[in-house]
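Overview (structure and organization)
These are the residues of each chain, in order.
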Amino acid sequence: MIKMKEKLSIQDEVVSAYEYAKNWMGQGDLPNFIPELTHVNPNRLAVSVTDSDGNIYSAGNIKDRFTIQSISKAIALALAIEDNGLDEVLTHVDIEPCGDRFNSIYRLELMQKRPSNPFLNAGAIAVCSCIQGHDVEEKYERLHALAGKLLGNPKIEYSKTVCLCEIKTGHRNRALANMLLDNGICSGNPEEHLELYYRGCALLVTAQELSRFGAILACDGVDPCTGDEILPCSTCELIRALMAGCGLYDRTGFFNITVGIPAKSGSSGAIVGASKGRAGIGVFSPRIDGKGNSVCGIQAMKQLSHRLNLRSL
Ligand code: GLU
């Protein structure tokens, strides 16, 4: 295995990736399909790496919290698999990349009843419908508990403002949830599945916490900071493979070639990466490109991958 650099130089490289990525500050837009996210300060950038020994290196606005958005889809998937087993989850959602936009609906009507993968909104809503619990509160408590372990912060909270904003304005997601019910893919109350999905998307995290999550995925489920086993190895393998196939929406192929690290992005400008056996990366910068990925975040990851030998695809 190619060795990562000595501790001191890893911190230097994280700072230099931050400085490099800052050159793209100002490019891209805030996500106007979530009105509440257009009110944030766009001129922020945070970069963090957690290595496989549990050392954490960070630069930039590392205290800032932001909503995790689409990255929560990976956490919901891990919980749904823990609750039901993979075979059962696969009756609700497939695991194939498809290149569709994240909130695309046409395929469910014209081609297949089951969403193509858990990183599409439709797939994530189907996954949320499989999470066990008597009501939304209990399901959310369980999702929150797993998220707390994966992010290394049991006290994380979700933004009620962002969640309510999405419940109010997410007409397309509501259509997807109802379509899934009509297709026989979900049962129960679609409003409850949506609320659970939105609470997960609204979890407030830091780049450092994301890098810890990435490191746990990179270390096959073991938290390198504590030695605790948080997820089964098979779940991490599945999530890393899905990241490599469809983690950056319909820009994943380009990202794989330029960065080469399995990763998942969120529309808040967050990206988590998992370089197998080496490190987790968390980056955040709110302006996103036309495909929904953080402009500065991609540049920071490209630089880190190159300078720290993190390419693992
Ligand atoms: N909460 C967002 C939505 O459902 C998540 C989208 C994303 O981050 O890709 O539209």
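Coordinates for the structure precede this section.
Notes on the structure in this doc start here. Model, not experiment: these values are computed from the prediction.

Okay, the overall build of the protein chain next. A tally of helices and strands in the protein chain yields 13 helices and seven strands. A compact globule built from 313 residues would reach a C-alpha radius of gyration of about 20 Å, and the protein chain, at 18 Å, matches this within 12%. Summarising its shape, the C-alpha atoms of the protein chain cover approximately 55 × 40 × 35 Å along the three principal directions. Per-residue burial over the protein chain gives 58% buried out of 313 residues. Put simply, 68% of the contacts in the protein chain that link residues at least 6 apart link residues at least 24 apart.

What follows concerns the pairing of strand 2 (residues 56-60). Relative to strand 2, strand 1 (residues 46-51) runs antiparallel, the two being bridged by five bridges. Along strand 2, the bridge assignment pairs S48 with S58.

A few words now on the site of the ligand. Every one of the 13 residues lining the ligand counts as a neighbour, but Q69, E166, Y197, Y249 and S267 are closest to it. Contact between the ligand and E166: a nitrogen atom at 2.6 Å from a side-chain N or O atom of the residue. Taking N173, its side chain carries an N or O atom lying 2.8 Å from an oxygen atom of the ligand. Protein contact buries 97% of the 300 Å² of open area that the ligand shows by itself.

On to the packing of helix 5 (residues 121-128) against helix 8 (residues 171-182), then. One can describe the packing of helix 5 onto helix 8 by two numbers: an axis separation of 9 Å at closest approach and a directional angle of 60°. Comparing their axes, helix 8 and helix 5 come out oblique. Regarding helix 5 and helix 8, the two cross each other, and that crossing is right-handed. Facing N121, A122, I125 and A126 of helix 5, the residues of helix 8 in contact are N173, L176, A177 and L180. Classifying every residue of the contact of helix 5 with helix 8 by side-chain character gives six nonpolar, two polar and no charged.

Our focus in this paragraph is the packing of helix 5 against helix 9 (residues 190-201). Taken N-terminus to C-terminus, the directions of helix 5 and helix 9 make an angle of 110°; their axes are 9 Å apart at the nearest point. Classified by the angle between their axes, helix 5 and helix 9 sit roughly perpendicular to one another. Each of N121, A124, I125 and C128 in helix 5 lies in contact with helix 9, whose residues at this interface are H193, L194, L196 and Y197. Of the residues contributing to the contact of helix 5 with helix 9, the split by class is six nonpolar, two polar and no charged.

A few words on the packing of aromatic side chains. In this description, an aromatic ring pair is defined by two values, namely the gap between the centres and the angle between the planes. A complete count under the given rule lists six aromatic pairs for this structure. Consider the rings of F66 and F284, whose centres lie 3.9 Å apart with planes at 10°: the pair is stacked. Here F66 is found in strand 3 (residues 66-67), whereas its partner F284 is found in strand 7 (residues 279-284), with 218 residues between them in sequence. Of the two residues, F66 and F284, both sit in the buried class. A network of ring pairs unites the aromatic residues F33, F102 and Y249 as a single cluster. A cation over an aromatic ring shows up here: K160 above the ring of Y158, its NZ or CZ 5.0 Å from the ring centre. The ring of Y249 carries the charged tip of K264 above its face, separated from the ring centre by 4.5 Å.

In this section: helix 11 (residues 233-246). If you check helix 11, its first and last C-alpha atoms are 20 Å apart, about what 14 residues at 1.5 Å a residue would give, namely 20 Å. Taken as a whole, helix 11 has its buried residues at T235, C236, L238, I239, R240, L242, M243, A244 and C246. Among the structural elements, helix 2 (72-84), helix 3 (86-89), helix 10 (207-218), helix 12 (252-258), strand 5 (263-266) and strand 6 (270-275) are those in contact with the buried residues of helix 11.

Further remarks concern a nonpolar patch on the surface. Nonpolar side chains collect at one region of the surface, where Y106, L110 and M111 lie side by side and expose about 330 Å² of accessible area between them. Among the secondary structure elements, Y106 is positioned in helix 4 (residues 106-110).

This brings us to the pattern of salt bridges. If you walk through the whole model with that rule in mind, you get 14 salt bridges. Between E191 and R174 there is a salt bridge whose closest N-O contact spans 2.8 Å. Residue E191 is found in helix 9, and its partner R174 is found in helix 8; the two are separated by 17 residues along the sequence. With its nearest N and O atoms 2.9 Å apart, the salt bridge here joins R240 to D220. Highlighted residues: R240 in helix 11 and D220 in the loop between helix 10 and helix 11, separated in sequence by 20 residues. Owing to a relative accessible area of 9%, R240 belongs among the buried residues under this scheme. The exposure class assigned to D220 is partly exposed, which follows from its relative accessible area of 21%. When salt bridges with common partners are traced through the structure, they connect E137, E195 and R199 into a single cluster.

This part is about the pairing of strand 1. For a regular strand, the rule is simple: side chains alternate between the two faces of the sheet. Within strand 1, six of the six residues are buried, which leaves the element mostly enclosed by the surrounding structure. A two-sided burial pattern is seen for strand 1, the buried positions comprising A46, S48 and T50 on one face and V47, V49 and D51 on the other. Counted between consecutive antiparallel strands, the loop separating strand 1 from strand 2 contains four residues, among which G54 sits at a positive phi close to 85°. Here six bridges tie strand 1 to strand 7, and the two strands are oriented antiparallel to one another. Its bridge partner lying in strand 7, D51 is registered against A279.

What counts and how
Residues numbered from 1 in each chain as written. Predicted model: local features only at pLDDT ≥ 70, side-chain atom pairs only at ≥ 80, totals over all residues. Heavy atoms only, no water. Helix = DSSP H or I, 4+ residues; strand = E, 2+ residues; numbered from the N terminus. Rg over C-alpha atoms; globule rule 2.2 N^0.38 Å. Buried < 20%, exposed > 50% of the residue type's maximum accessible area, 1.4 Å probe, protein only. Contact = heavy atoms within 4.5 Å. Pairing = 2+ DSSP bridges. Near = heavy atom within 4 Å. Polar contact = N/O pair within 3.5 Å; in protein donor to acceptor, adjacent residues only side chain to side chain. Areas by Shrake-Rupley, 256 points an atom, 1.4 Å probe, with all protein chains shown as cover. Axes fitted to C-alpha atoms, helices over the stretch in contact; angles between N-to-C directions. Parallel < 35°, antiparallel > 145°, perpendicular 65-115°, else oblique. Left-handed = near helix turned anticlockwise from the far one by under 90°. Nonpolar A, V, L, I, M, F, W, Y, C, P; charged D, E, K, R; others polar. Phe/Tyr/Trp six-rings, centres within 6.5 Å; stacked < 30°, edge-to-face > 60°. Lys NZ or Arg CZ within 6 Å of the ring centre and 35° of its normal. Expected span 1.5 Å × (residues − 1). Patch = residues over 30% accessible without salt bridge, like charges linked within 9 Å, V, L, I, M, F, W, Y side chains within 5 Å. Salt bridge = Lys/Arg side-chain N within 4 Å of Asp/Glu carboxyl O.

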